[in-house]
Structures are given as structure tokens and as C-alpha cells.
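Coordinate inspection notes
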Amino acid sequence: MSTRRSHLLLVGLILVALAGAALIGIPGSPAHRKLTKGLDLQGGLEVVLKAVPPKGRPLTSEDLDRSVSIIRDRTNRLGVSETVVTKQGGNEISVQLPGVHDPDQAVAVIGKTAQLELYDLEADLLPGISIDTQGNPRAQTSLYSMLASVQSVAKKGQPEGYYLFDRKTRKKIAGPTATRKQLFETKRARALGKRGRVLLVPAQMAVVSCGQPPSKNGKTEAIGSAVVCPGVNESPPTRRYFYLFRYDPSSKTKPVPEMTGGDLKLSGTRQDFDTNGNAPIVLMQFTGKGGGKFHTITREEAQRGSLRGTPQHFAIVLDREIQSFPQIDYKQYPDGIDPVNGAQITGIGSIKEAKALALVLQTGALPINFTIAERTDVSATLGKDSLKEAQRAALVGLLLVALFLLLLYRFLGLVAVIGLAIYAAFLYAAILIFNVTLTLPGFAGLILTIGVAADANVVIFERIKEEVRSGKSVRASISAGYSKGFRTIVDANVVTCITALVLFAVATAGVKGFALMLLIGTVISLITAVAATRAMLGLLAGFRWFENPSFMGAAGQQGAKWLQIDFMKRRHVWFAMSGIIVLVGAVSLGVRGLNFGIDFKGGAQITFKTQRFVPISDVRSEASSIGHSDAVIQGRGASQGDSYKSFQIRAKSLTASETKRLRTDLADKFGARSLGFNTVSSSFGRQIARSAILAIIVSLFLIVLYMAIRFDVKFAVPVIIALLHDIAITIGVYSLLGREVTTSTVAAVLTVLGYSIYDTIIIFDRIRENVPLMRRLPFATIANVSLWETIRRSLATTFITLLPVASLLVFGGATLKDFAFALLVGIASGAYSSIFIAAPLLTIWKEREPEYARRRGQEPEAEDGFEDGGTPARRRPLRPRGGPAIDAGTAILEQATQAAAAEPTPSLGALTPQPAAAADSAAAQAKRDRRRQRRQSRPHGRAR
């Protein structure tokens with residue numbers, strides 16, 4: 001009763017969790033959370049920037065932190081919502097801009113080096129506009145009005161910049177740009193027509209801003225350390241303010257701005273504390289020339305402040321944004337500040353503000369140059385198409401798995417399908433709760449975890465059916481099945497999690513989504529397979545109708561007899577077959593090599609679709625028109641002769657102008673849609689290649705270490721050889737077929753490592769279980785029996801995993817197909833290697849031990865049920881009294897289990913099994929064996 005109560009409690013908890021998941025996932029509910037889609041599912045731009053620090057100066061985390069802050073601020077000014085700017089690796093920044101209208105402009109903005117400028121504030125503000133007659137700064141709230149008031153001046157000289165506004169709303173549409181033509185490069189700008197107005201920035205002037213408008217939640221976040229703005233009496237500022245500064249950096253007599261970041265020394269510029277009051281301060285150190293400039297500026301400010309009777313200010317401006325404007329105390333420093341020992345900024349409100357200001361100054365003193373390591377453009381239509389394909393693949397994969405479970409396990413299959421539905425709900429809720437950005441590779445991981453969740457049920461259900469066939473009640477079989485199968489499930493899923501963690505640690509941003517989804521799905525599948533289905537079966541086990549073995553597909557024998565062959569005797573055949581396959585792949589690899597994609601070699605790639613069939617020659621002509629006649633043009637999908645509707649263009653490199661022109665030509669001439677653009681530098685490609693090799697090595701090491709701890713070192717050696725075998729076959733197939741190797745391929749290969757070992761663990765776990773039960777048998781016999789008992793389970797887990805993978809291959813887009821093909825090859829190879837490579841290798845390894853070496857060479861006679869050295873000839877079904885007939889291999893294990901339960905220390909003569917290559921063939925021993933079987937089949941018999 002207590003067990004039933006615990007099952008009821010568990011089912012209740014699951015129902016409560018499902019209700020919570022529904023509240024989170026159903027639109028309109030109070031707790032609803034919106035799904036975050038990646039760029040490849042909604043369109044946008046992703047740029048990976050690689051930091052290049054000055055020579056002799058190592059890159060620090062503070063440098064990247066400040067750069068992330070600057071780039072995030074720049075992208076926010078582009079008007080792009082949900083911008084994601086993160087560090088990756090040790091020297092890279094990933095910038096994701098969903099829904100960006102002008103990718104080229106965005107790249108130009110986020111990639112430029114930060115510009116730190118230091119102005120004499122009151123002296124450099126434009127009189128009448130940004131400073132009043134009393135010499136006080138005047139903040140403008142409208143950029144449109146400020147620029148409109150100076151247009152008569154701006155038209156007389158060469159403008160410093162151009163802005164485009166909506167004449168009615170006075171909102172900025174584009175700018176600042178260096179030329180008028182650049183303003184109209186976007187569709188939005190061209191669509192304005194007469195409503196647009198171009199305003200010029202006068203020569204030798206610069207627009208500088210401060211503060212920012214409130215965010216959507218009503219709160220305001222100050223930019224950098226600017227907690228106040230000149231001429232504004234509010235802290236923090238509630239909106240953006242604008243100023244016009246004089247700007248003449250080329251002047252030899254009095255340049256403006258008076259100083260730049262190059263005049264500061266990074267070594268001494270830092271956040272510190274005042275020795276008197278322990279208040280936060282910022283220390284500034286200058287170069288030789290910089291110190292002289294600083295002394296001159298502060299002297300002029302002190303003298304001007306003395307005449308006016310009010311302190312003057314020193315403005316610190318980063319990327320035309322005022323970060324701080326400390327004042328000069330003209331009474332304390334009438335001759336300015338002597339820079340010999342540097343200078344310090346006091347009166348800072350908090351340590352956080354002081355650190356932010358110090359980072360601003362450090363960034364200016366050490367400009368960090370960035371190179372574009374990778375760029376990916378995805379059109380909105382391509383994102384929508386990819387999402388539809390991924391959803392269709394997921395739905396078909398789920399339906400196929402559910403159908404297979406129902407056909408194979410009948411009522412147990414229905415329970416498993418309900419468990420899969422619970423798993424899907426929990427997985428979706430986890431994605432929303434943890435705000436996981438769902439990408440196309442992540443969708444592939446999600447679809448693959450359908451197989452993970454189903455595999456756990458297969459392992460347990462097969463074990464339950466074994467227990468039912470051995471004569472146990474359904475209730476007892478369920479309890480035994482879960483207790484015995486749990487360890488196998490944990491071992492297999494831990495290995496999958498290891499590969500997912502390694503992949504997440506070293507992969508690029510796109511593949512991280514795949515690894516994260518695989519990790520989350522694997523953990524949740526453990527909960528649903530072990531907890532949810534266990535609770536449901538535990539509640540149902542008390543009903544009489546549930547006690548029928550055929551109701552759950554457990555009637556009949558353990559497996560097909562044609563699968564019960566002597567695997568160990570034919571091991572040399574298996575090794576020869578694998579050797580031939582690996583050799584063919586190696587020859588192809590040496591002759592043809594691998595078709596590495598731009599992820600590894602670097603270059604540019606454009607994908608697009610057309611409404612009609614277009615000849616490849618026409619597309620090749622367009623590539624030649626921009627000077628890339630050597631570009632590789634590939635048609636994909638359905639074709640009519642040499643014409644396709646889907647294309648891929650690969651070139652060594654494309655400039656921004658070439659890319660733009662090619663896009664325009666493809667759209668105008670062929671009606672190209674679903675455009676996708678990806679560019680990778682060669683150095684970034686080499687980095688990805690190194691990361692891939694490192695990931696494979698680390699995964700192999702961790703898997704072997706785990707196997708050695710959970711099993712035995714000798715169990716780990718066959719595992720590593722089998723894994724290398726699977727990798728070799730997968731690479732060889734890619735070489736033979738000439739398929740492109742991408743980061744998706746590497747992710748799939750790493751996943752194959754985990755799945756390859758899944759079946760191996762199932763087999764090795766049964767071998768480990770049988771060793772103490774079969775104390776007199778050669779190890780080859782133990783391995784054979786273990787394979788007979790688990791081969792149905794191994795084949796079922798492999799097939800059920802291949803179902804969603806096949807769905808990916810048929811219904812997925814190009815990226816999903818890359819994952820699917822590598823997984824298809826690797827998982828099939830893994831299933832083969834588990835049975836035909838790993839188990840025979842373990843047998844060879846263990847037979848060298850003295851104990852098993854003594855058992856070798858003992859041949860059973862034909863009268864014992866085998867002939868020709870262990871090949872099954874005729875079997876005598878063993879039937880416990882009142883129980884169904886069971887297979888000979890299963891009977892052996894059942895005998896061993898019963899004997900072990902009756903005798904704490906059974907003698908070596910307690911068992912005389914009859915599998916292939918069995919040990920004792922003496923007639924007397926066989927007769928004793930049969931008598932013992934009859935005793936054990938009695939209701940109260942006892943083995944001895």
C-alpha cells in the first residue's frame with residue numbers, strides 16, 4: 001500500500017508540473033513566456049569579432065568587458081531590439097542582431113575601434129546652440145531642431161556628416177553617414193520620398209550626445225559612467241540630450257578635441273580609493289606629450305574659471321557619447337594640474353561608477369582593434385522556411401517514434417508514448433524557463449532527444465519483458481525491470497551528457513545550441529523514463545487485466561533464433577569486414593581528402609532560392625561579373641536538367657561591395673529569396689578545426705575514464721577502439737561521397753561518440769551481470785549469451801534513434817540534413833561496432849586472464865544441444881512448473897539467479913549451461929544438470 005501511495009504522490013506531482021508547464025507555454029496565461037528564436041529561425045545578422053591587441057600587451061578580460069559594453073551601446077543605437085552581445089572563447093565577441101534592416105551598416109558600426117576624446121567642455125561647445133551667453137552648457141532635446149538651426153552654416157562648407165529624418169515625426173531614419181548617397185541605401189530610407197529631410201552637420205563640428213531615453217519597463221540605465229549630463233539637473237538622465245562641439249583635430253595650433261585616448265598611459269590609469277576619506281577615485285597617467293597637453297588645458301580652464309567665478313569642466317567622450325565631465329578647482333589649482341604624478345578624478349558617486357569610468361579611459365588608452373572572424377546574414381524568409389522545415393521534421397520524428405513504440409510494446413508502448421508527451425511538455429517548459437535561444441542546430445538536438453527519451457523506455461521495457469518470460473508476475477517484473485535497467489540508463493546517459501558538455505565548451509555559437517538542447521533533453525528524459533512511466537506502471541500493476549504477458553508483448557521467446565549465432569567464434573570475420581571498410585575510407589581520404597566547408601577553410605558562402613528553375617550557368621555568370629569566376633556554384637534539391645531552384649555559392653572571399661552587388665543582381669534577375677550569407681576568416685577556420693580535434697580527444701578521454709571507473713580498465717580498451725572505428729568509418733564515408741564537412745558534422749561526430757557507446761554499455765552491463773552467475777564458462781560463452789539477451793534491445797534502441805534522424809534527413813533544411821547524415825552513418829556504425837567489435841575485443845582481452853584462459857577450449861557435444869563447436873543445433877525448451885516456455889539462453893541465467901539466491905556461495909559445479917562453446921560435455925554432468933532444473937521448477941524447490 002505504501003508503494004501504491006508513493007506512486008499516486010509521484011503522479012500527482014507530475015500533473016502539477018504539467019499544469020505549471022501549460023501556464024508557461026500557453027499564450028495568454030499570466031505566466032506565459034515567449035520563445036526566444038535564434039537568428040537562423042527569424043533572420044538577422046551575426047558577427048564574430050576577434051580582438052587584436054597591440055604588440056607586447058596581452059589582452060585582458062577588462063578589455064573585452066569594456067568592448068562588449070561599447071558594442072552593446074552601439075547596437076542599441078541602431079534601433080535593433082533583443083540584441084545579444086557576448087564574449088566567447090578568450091579573445092572573441094559574438095554580436096547577434098535579429099531583424100536588422102541594413103547588415104552592412106551594422107557591421108561598420110559595431111566593428112570600428114572605440115574613439116576616446118577629451119574636450120575642454122565650455123571652450124569647445126558651440127556658442128548660441130550648446131552654450132548660453134553666461135558660459136553655461138545648454139542641452140538640446142531634439143537632434144532634428146538642433147541641426148535644422150545650423151543648416152545655413154552647414155551648406156557653406158564641406159559637411160562633417162549627413163542625417164536623414166522623417167519630416168513629419170522628426171525621427172531619425174539614418175545617419176550619421178559620410179556621404180548623402182549612403183543615407184538611402186536602405187529600403188526604409190528610400191521609401192520616405194518627400195517625407196524625408198536630409199540635415200547636414202556643419203564643417204568642423206561634431207554631434208555629441210548624453211543620456212538615454214527610458215527603457216520599456218520605465219527604468220533608465222545610464223551609459224558608461226555618465227550619471228549626469230552638462231546643463232541637465234537630473235540624475236540619471238531620463239532622455240537623450242544633444243550638443244554641438246567644435247571639431248578640428250587636424251589643426252596644428254589648437255586641435256579640438258584637445259586630447260585623445262592615445263595621450264593616456266594604461267599602466268597607471270585605474271580605479272582606486274582616496275587615502276583621506278577612502279572614497280572611490282579614478283587615477284590618470286599620461287604620456288610625455290599627453291602630460292603637456294593636460295597641463296595646458298587645465299591651466300586655461302583654471303584661469304577661465306577664476307575670471308568667471310565658476311569651475312570649468314573637462315569632458316570625457318567615448319564614441320561621441322559623454323561619459324563624464326569632471327571640474328577643475330581653480331582655487332586649489334590656479335595654474336592647472338601638474339601631470340608629473342598624474343591626476344585623479346574625485347567626487348564619484350560609487351565604486352561601480354568609478355570602475356566604469358576607469359574602463360572608459362583604459363579603452364581609450366589601449367584601442368582594441370577587431371577583425372571580423374565570421375559573419376552570417378539570414379533573411380527573414382530563410383528563417384521562416386527553416387523554422388517550418390524544423391517543425392515538420394520534429395513532428396514526423398515524434399509520430400514515427402510513437403508508432404514504433406506502440407507496435408513493439410503494445411500497452412507498454414502506450415505508456416511510453418504518454419511518457420514522451422510528458423517529456424515534450426517538460427522540455428518546452430525548460431526552454432522557456434531558462435530562456436534558451438532556440439536555433440536550427442538546437443532544433444536538431446531537440447529532435448534527437450526524442451530518440452534519447454524513447455531509448456530509456458526501450459531499455460527498461462525489454463528488461464521487464466525478460467522478467468515476465470522468466471515466470472515472474474507483472475508487478476514483480478516491473479519492479480525488477482526498473483531496478484536492473486536503471487544503472488544501464490544512467491551509464492548510457494552520463495556518457496551522452498559528457499559529449500554534450502564538451503561540445504558546449506568548445507563549439508561555436510551555433511553548435512552550442514545543439515549541445516545545450518541535447519544536454520537538457522537527456523536530463524529530462526531520465527526523469528520521464530524513470531519517474532513518470534514507473535509511476536504509471538506501478539499504479540496499473542494492481543489490476544488483474546494488466547497481469548496478461550501478451551498484453552504487453554511479453555509472450556513467446558526472448559528473441560529470434562536467427563540472431564543467436566556464435567558471435568565470438570566469427571569475430572575474425574567481423575574484424576575483416578570492418579578492416580576493409582576502414583581501409584577503403586582511408587584510401588579515399590588519402591586520395592580525395594575531405595571536402596571542408598568554409599567553417600574550416602574560410603571564405604564566403606551565399607545560399608538562396610528562386611521561384612523558377614534557373615540554370616547553374618546563369619548563376620555562374622553573375623558570380624563572374626563581380627570577378628569571382630572561380631566560385632563554386634552548386635544546385636541543391638529538385639532539378640530539371642542543369643537547372644535548380646536552390647543554390648549555394650562558395651568563394652574564397654567577398655568584399656562588402658561585392659556581396660551587396662551580388663545580392664542585388666540575384667534578386668533582380670532571378671527573384672532570389674531566402675538569402676543567407678556566411679563569411680569566415682581563414683584564421684577563424686583554423687581555430688574551429690583545432691577546437692574540433694580538441695573536443696574529440698577530450699570526449700574520448702572522459703568516456704574512457706568513466707568506463708574504467710564504472711566497469712573496469714579492460715572494459716574501456718574495447719570501447720576506445722570501437723569509438724575510433726566509428727569515427728574512421730564516418731570520416732571515410734564523407735570522403736567517399738564528397739559531402740561537405742562543417743561544424744555541424746563535427747557536432748554530429750561528437751554526438752555519435754555518445755550514442756555509439758550507448759549500445760556498448762547495454763551489452764557490457766549484461767556481461768558484467770552474467771560473469772558471477774556463469775562461473776565455469778569460458779568468457780566467449782558469457783559474451784555470446786549476453787549478446788543474445790541484449791541484441792533485441794540494442795537493435796531497438798538503434799532503430800528508434802534512427803527514426804527521428806531519418807525525419808531530419810528527409811524533411812529538414814540544409815543545416816539539419818548535415819546533422820542527420822553524419823548521425824545516420826555514425827549511429828549505424830556504432831550499433832555495428834558494439835556487437836561485432838567491442839564485445840569480441842573484450843573477449844580477446846579477458847581471455848588472456850589466467851582464470852578465463854583455463855576455461856578456453858572446452859567444447860560441448862552435440863547431445864547438449866550444440867554442434868560444430870558451439871553452433872546451435874537443437875534446443876530443448878526449459879519450462880518452469882506453471883510457467884511459459886523460455887529460450888535456453890534465458891533459462892541459463894534464470895537458473896543462475898535462482899541458485900545464487902538459494903546459496904550465498906554456490907560451488908563451481910552449480911551450473912552446467914548449454915550455450916555455444918559451453919564447458920562441460922560429460923553425460924553424467926548433463927544428467928545432474930537436468931535434475932537440478934526439475935527441482936528448481938517446483939513451487940518450493942531449492943537449488944543446491
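Residues numbered from 1 in each chain as written. Predicted model: local features only at pLDDT ≥ 70, side-chain atom pairs only at ≥ 80, totals over all residues. Heavy atoms only, no water.

1. Examining the nonpolar core
Counting 129 residues, the largest nonpolar core has Leu405, Phe461, Leu537, Phe567, Met707 and Phe764 as the members making the most contacts within it. Considering every element that reaches this core, the biggest residue donor is helix H13 (residues 440-469), with 17 residues. Residues contacting phenylalanine 461, with those up to four places away along its chain left out, are Tyr409, Leu412, Ala416, Tyr482 and Leu537. By size, the runner-up hydrophobic cluster in this structure holds 23 residues, among which are Met259, Leu264, Ile316 and Ala358. (Core = buried A, V, L, I, M, F, W, Y, C linked by side-chain atoms within 4.5 Å. Buried < 20%, exposed > 50% of the residue type's maximum accessible area, 1.4 Å probe, protein only. Helix = DSSP H or I, 4+ residues; strand = E, 2+ residues; numbered from the N terminus. Contact = heavy atoms within 4.5 Å.)

2. Observations concerning the packing of aromatic side chains
By the definition in use, this model includes 13 aromatic pairs. Judged by centre distance (4.4 Å) and plane angle (25 degrees), the ring pair of phenylalanine 286 and phenylalanine 294 falls under stacked. Each of the two residues, phenylalanine 286 as well as phenylalanine 294, counts as buried. Aromatic pair tyrosine 734 and phenylalanine 821: ring centres 5.4 Å apart, planes at 70 degrees, arrangement edge-to-face. Note that tyrosine 734 is positioned in helix H21 (residues 713-737) and phenylalanine 821 in helix H24 (residues 814-846), a separation of 87 residues in sequence. Taken individually, tyrosine 734 and phenylalanine 821 each receive the classification buried, so the pair is uniform in this respect. Taken together, the ring pairs in this structure connect Phe567, Trp574, Tyr832 and Phe836 into an aromatic cluster. One Lys or Arg, arginine 320, reaches over the ring of tyrosine 247 and ends 4.7 Å from the middle of that ring. (Phe/Tyr/Trp six-rings, centres within 6.5 Å; stacked < 30°, edge-to-face > 60°. Lys NZ or Arg CZ within 6 Å of the ring centre and 35° of its normal.)

3. Some remarks on the packing of helix H12 (residues 411-433) against H13
Helices that pack against each other are described as a pair by the angle of their axes relative to one another and the distance between those axes. Two elements in contact, H12 and H13, have axes whose closest approach is 10 Å; the angle formed by their N-to-C orientations is 140 degrees. With respect to the hand of their crossing, H12 and H13 are arranged in right-handed fashion. Here Leu412, Ala416, Leu420, Tyr423, Leu427 and Ile431 of H12 come into contact with H13, specifically with Leu446, Thr449, Ile450, Ala453, Ala454, Asn457 and Phe461. Looking at the contact of H12 with H13 residue by residue, the class counts come to eleven nonpolar, two polar and no charged. (Axes fitted to C-alpha atoms, helices over the stretch in contact; angles between N-to-C directions. Left-handed = near helix turned anticlockwise from the far one by under 90°. Nonpolar A, V, L, I, M, F, W, Y, C, P; charged D, E, K, R; others polar.)

4. Details of the pattern of salt bridges
For the structure shown, the criterion picks out 21 salt bridges. Lysine 293 serves as the salt-bridge partner of aspartate 263, at 3.4 Å between the closest nitrogen and oxygen. Linking aspartate 263 in the loop between strand E10 (259-260) and strand E11 (270-273) with lysine 293 in helix H9 (residues 288-308), this pair joins segments that are 30 residues apart in sequence. Taking relative accessible area as the criterion, aspartate 263 reaches 7% and is therefore assigned buried. Residue classification places lysine 293 among the partly exposed residues on the basis of a relative accessible area of 35%. Where aspartate 335 meets arginine 299, a salt bridge forms, and the shortest distance between an N and an O atom there is 3.2 Å. Here aspartate 335, found in the loop between strand E15 (327-328) and strand E16 (343-345), pairs with arginine 299, found in helix H9; they are 36 residues apart in sequence, far enough to count as distant. (Salt bridge = Lys/Arg side-chain N within 4 Å of Asp/Glu carboxyl O.)

5. Quick notes on the sheet that holds strand E7 (residues 196-201)
Strand order in the open sheet formed by three strands is E6-E5-E7, and the pairing between neighbours is antiparallel. With partners counted over all chains shown, the strands left at the sheet margins are strand E6 (172-177) and E7, one partner each. Across the sheet, the mean angle from the axis of one strand to that of its neighbour is 15 degrees, orientation sign disregarded. Sheet topology places strand E5 (residues 161-166) next to E7; six bridges connect them, and they run antiparallel. Of the residues in E7, the one forming a bridge with tyrosine 162 is leucine 200. (Pairing = 2+ DSSP bridges.)

6. Re the packing of H13 against helix H23 (residues 779-811)
Running from N to C, H13 and H23 point in directions that differ by 160 degrees, and their axes come no closer than 9 Å. Our classification of the angle between H13 and H23 gives roughly antiparallel. Considering the relative orientation of H13 and H23, their crossing is right-handed. Facing Ala444, Ile447, Leu448, Gly451, Ala454, Asp455, Val458, Val459, Glu462, Arg463, Lys465 and Glu466 of H13, the residues of H23 in contact are Glu789, Arg792, Arg793, Ala796, Thr797, Ile800, Thr801, Pro804, Val805 and Leu808. Residues that form the contact of H13 with H23 fall into these classes: eleven nonpolar, three polar and eight charged. (Parallel < 35°, antiparallel > 145°, perpendicular 65-115°, else oblique.)

7. As for unusual backbone geometry
The omega torsion of the bond from glycine 175 to proline 176 falls at 0 degrees, within 30 degrees of zero and hence cis. Its place among the elements puts proline 176 in strand E6. In this chain, valine 256 is followed by proline 257 through a cis amide linkage whose omega measures 5 degrees. Here proline 257 shows up in the loop between strand E9 (241-246) and E10. Even without a glycine there, the phi angle at arginine 170 is positive, about 60 degrees. Among the structural elements, arginine 170 can be located in the loop between E5 and E6. One non-glycine residue, glutamine 204, adopts positive backbone phi at about 60 degrees.

8. Overview of the sheet that holds E16
Spatial ordering of the open sheet is given by E11-E12-E16, a layout of three strands whose pairing is antiparallel. Whereas interior strands pair on both sides, the edge strands pair on one side only; in this sheet they are E11 and E16. If you compare each strand with its neighbour and ignore which way they point, the axes differ by 40 degrees on average. Direction of pairing for strand E12 (residues 280-284) relative to E16: antiparallel, over a ladder of three bridges. What sits directly across from methionine 284, in E16, is alanine 343.

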